[in-house]
Amino acid sequence: MSFPLLKNISALVNVISPKITFSSSFSQMKTTRLSSAKWEINPLSESKNPGSECATDGESVQTIRVYVRKKRAKKTVQTTVEEVRPEILDQNPCRLPEIEDFAYGKESSCSHSTQVPDNWEKVLEGIRKMRSSEDAPVDSMGCEKAGTSLPPKERRFAVLVSSLLSSQTKDNVTHGAIQRLLQNDLLTAEAIDKSNEDEIKGLIYPVGFYTRKASNMKKIANICLSKYGGDIPSTLQGLLELPGIGPKMAHLVMNVGWDNVQGICVDTHVHRICNRLAWVSRPGTKQKTSTPEETRMSLQLWLPKEEWVPINPLLVGFGQTICTPRRPRCGVCTISGFCPSAFNESPSPSSKSKANKRS
DNA sequence: TTCCTGAGGA
DNA sequence: TCCTCCGGAA
């Protein structure tokens, strides 16, 4: 972690203080663990109350008072005022990555509030309609069906393996591979750790990159067994340490395996479409983001948390059928009126770069 | 023949 | 930043 949280408390104060217009970004992005309860910062923009206020002695923050909704099993059960001392945040590692992202994002654009894109709700609604009328070839969250009948630990391991296999692979192919592993009792860390790598390879064929994935599966099973008692890591950091698990898959597994939304699962489609819509930008600029990770940070600053999970399957389907990487079908897209990139890309199949090279 | 797609290594 | 991995689609 490169940004030392709460050493730079002023960044946090600036964000939380109502006199600075950060309402949308802060209020919408934080679900945090304080004590053992799950709290959500009350959205400033949707509440009569201010979302939060700080008590300071001029230099440092004494107390942060937050108006929160208490949530149990995804239902709001109570709205209260909470007082939080900075050192409590400091002592709670669960809280650190989120605040850190958040403080980092705000630091770099402190002089102006994060822009919530105009009409984003209309755009999402339009995409939903297009998706419901057109067949989507791939359901990227297919791994959530993995092992639904298994006990929790086995189900989580199945989700992890399923996620690993599903990348760059059609859903039915992934499903077949999972079924074959299941039939051969090779869907637990213990079994995979003992098994032969060539056998795994044969069973998961023809998923994309099966050689590399078979090797990673063995390594992952061994790590899960030795460090997590055969379960999968329960933190983003732990998941990222597994070979073959990057940011995209780690967020997916946190969402599906642990039902813990740590961040948006940003793949190439989400990355591309959010940039075309100008929904994301590099901190403090209007430049496009250059990596999916940068897109994730930028998107999380304003997109309401309820949309964090559904946005992935929505944009993946949209990206495969209409907003394609090459030659997007802006002519049939019902939200092109809201899209600054509509009809900007050359509709001609002939490649400019090649033509230039030849001439 | 080129691209898709996410992780990782040069 | 570019390449590799794997099979399949365009």
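This section reports on the structure supplied with the text. (Residues numbered from 1 in each chain as written. Chains lettered and ligands numbered in written order. Predicted model: local features only at pLDDT ≥ 70, side-chain atom pairs only at ≥ 80, totals over all residues. Heavy atoms only, no water.)

1. Considerations on the overall build of chain A
Moving on, step 1. Helix and strand counts for chain A stand at 16 helices and five strands.
Moving on, step 2. Residue burial in chain A is summarised as follows: out of 359 residues, 48% are buried.
Moving on, step 3. Total accessible area on chain A is roughly 18,300 Å²; 50% of this is exposed by carbon and sulfur atoms. (Helix = DSSP H or I, 4+ residues; strand = E, 2+ residues; numbered from the N terminus. Buried < 20%, exposed > 50% of the residue type's maximum accessible area, 1.4 Å probe, protein only. Areas by Shrake-Rupley, 256 points an atom, 1.4 Å probe, with all protein chains shown as cover.)

2. Let's talk about the protein's contact with DNA strand B
Moving on, step 1. Neighbouring DNA strand B are 17 residues, the closest being Gln 168, Gly 244, Asp 267, Thr 268 and His 269.
Moving on, step 2. For DNA strand B, the fraction of atoms within 4 Å of the protein that belong to sugar or phosphate moieties is 76%.
Moving on, step 3. Note that a phosphate oxygen of DNA strand B is positioned 2.4 Å from one of the backbone N or O atoms of Gly 244.
Moving on, step 4. At 3.3 Å from a phosphate oxygen of DNA strand B is found a side-chain nitrogen or oxygen belonging to Arg 326.
Moving on, step 5. Elements represented by at least two residues in the surface near DNA strand B include exactly helix H12 (247-257) and helix H13 (268-276). (Near = heavy atom within 4 Å. Polar contact = N/O pair within 3.5 Å; in protein donor to acceptor, adjacent residues only side chain to side chain.)

3. Observations concerning empty space enclosed by the protein
Moving on, step 1. Applying the stated criterion across every chain, the model contains three cavities of 30 Å³ or more.
Moving on, step 2. A volume near 120 Å³ is recorded for the largest cavity.
Moving on, step 3. Forming the boundary of the largest cavity are 16 residues, of which Cys 323, Pro 328, Cys 330, Cys 333 and Cys 339 lie nearest the centre.
Moving on, step 4. Among the residues making up the lining of the largest cavity, the classes are represented as eleven nonpolar, two polar and three charged. (1 Å grid on protein atoms, 1.4 Å probe; cavity = no way out; pocket = protein on both sides within 12 Å on 5 of 7 lines; lining within 4 Å. Points joined across faces, edges and corners; volume = space filled by probe spheres on them. Nonpolar A, V, L, I, M, F, W, Y, C, P; charged D, E, K, R; others polar.)

4. Thoughts on unusual backbone geometry
Moving on, step 1. Following Tyr 205, the chain continues into Pro 206 via a peptide bond in cis, with omega recorded as 10°.
Moving on, step 2. For Pro 206, the position within the fold is in the loop between helix H9 (197-204) and helix H10 (210-228).
Moving on, step 3. Phi at Asp 259 takes a positive value of approximately 50°, unusual for a residue other than glycine.
Moving on, step 4. Taking relative accessible area as the criterion, Asp 259 reaches 47% and is therefore assigned partly exposed.
Moving on, step 5. The phi torsion at Phe 343 lies on the positive side, around 60°, for a residue other than glycine.
Moving on, step 6. Residue placement: Phe 343 occurs in the loop between helix H15 (311-321) and helix H16 (352-358).

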